[in-house]
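One letter stands for each residue in the lines below.
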Amino acid sequence: MLRRRKLKSKQDIAQMRVAGLVNWEAHRLAKSLFRPGATTRQVDAAVEAYFVQQQVTPLFKGVPGRVPFPAVCCMSVNEAIVHGIPDDRPLASGDIVSIDTGNRKDGWCADSAITHPIGEVRPEVQRLLDVTRDTLALAIDLLATSRKWSQVAAEMATFVRSAGFTVVEGFVGHGIGRQMHEDPQVPNYVSPELLSHGDFPIEEGLVIAVEPMVNLGTNNVRFRRDHWTVDTKDRKPSAHFEHTIAITSRGPEVLTAGPDGELWLED
């Protein structure tokens, strides 16, 4: 049985686009602050102040867990894959930091993530970032022509593995709308579960957060004692890119893109 989906109207998608533009500007602000010597806590505070200014609700702060998530952004540095907690350690040249954030504006959500190099990074780490970003770009392109998500997921996984990297399998993308996490689950790989009962059609009104997470080494993970941060087990770097994407009558529309449709901040 297919997972239940909450299809969105054109008006719903238009409202989600407004939230998506707020997220774009939050990421643009964060990028301007990331440099050697900056801290992830400083960047998180700036994004929180921006959200207050825009009168939006941050999606991450206070999310329930063994301890509530304490920040508006997940800041995952180097071997941290996802859910990193901002802290006061100064970033150094050669680090990478994945920032994942989301907001709710007028009842509708947007969610996106980017991995940034700090200063000059090793060539294999830059390639990791490039491949992860290109995996998301591939998924966006495939959403225009694919009938089911499994077709997209298979191509994403093949692309990552052919580059010599590994796909994170313990964490996946998700449907999104009035809530940050809605059905369906959106994996970046094909599993028996996806093929047996988790697959879903690519159809008008579908809105999903697609978020490839790619590791330089193993895809095995470990959890830190902070109850949130997920690291690579071999402590090698991990990258994470994410966009909120709607399927419309014209094809896929990236709701967290820039005002002129820019997918990436340097465009």
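On a predicted model such as this, the values are computed, not experimentally measured, just so you know.

This next bit is on the pattern of salt bridges. Inspection of every chain in the model, using the stated rule, returns 13 salt bridges. Across the pair R250 and E253 runs a salt bridge whose closest N-O atoms are separated by 3.6 Å. The class for R250 is exposed, based on a relative accessible area of 69%. Each of E79, R222, R224, D231 and R235 takes part in a single network of salt bridges with overlapping partners.

Here we come to helix α4 (residues 149-162). Under the 1.5 Å per step criterion, the end-to-end length of α4 is 20 Å for 14 residues, consistent within 8% with the ideal 20 Å. For α4, every residue scored as buried is listed here: W149, S150, V152, A153, M156, A157 and V160. On an axial view of α4, the arc spanned by its buried residues comes to 155°, and they lie on one face. Where α4 is buried, its residues touch α3 (123-142), β6 (166-167), β8 (182-186), α5 (192-198), β9 (207-210) and β10 (213-215). At the C-terminal side of α4, G164 shows a positive phi close to 90°.

What follows concerns the sheet that holds β10. Read across the open sheet, the three strands follow the order β6-β10-β13; overall the sheet is antiparallel. Taken across any chain shown, the strands that pair with only one partner, and hence form the sheet edges, are β6 and β13 (238-240). Bridge analysis of β6 against β10 gives two bridges, and the strand direction is antiparallel. The residue bridging V167 from the neighbouring strand is V214, located in β10.

By size, the foremost hydrophobic cluster in this structure holds 25 residues, and its most contacted members are L143, W149, V152, I202, I208 and V210. For this core, the secondary-structure elements that each account for two or more residues are α3, α4, β9 and β14 (243-248). If near-sequence neighbours (up to four positions away) are discounted, W149 is found in contact with L143, M156, V186, P187, L194, D199, F200, I202, I208 and V210. With 17 residues, the next largest nonpolar core counts V22, A30, V47 and Y50 among its residues.

Scoring rules and cut-offs
Residues numbered from 1 in each chain as written. Predicted model: local features only at pLDDT ≥ 70, side-chain atom pairs only at ≥ 80, totals over all residues. Heavy atoms only, no water. Salt bridge = Lys/Arg side-chain N within 4 Å of Asp/Glu carboxyl O. Buried < 20%, exposed > 50% of the residue type's maximum accessible area, 1.4 Å probe, protein only. Helix = DSSP H or I, 4+ residues; strand = E, 2+ residues; numbered from the N terminus. Expected span 1.5 Å × (residues − 1). Arc of directions from axis to C-beta. Contact = heavy atoms within 4.5 Å. Pairing = 2+ DSSP bridges. Core = buried A, V, L, I, M, F, W, Y, C linked by side-chain atoms within 4.5 Å.

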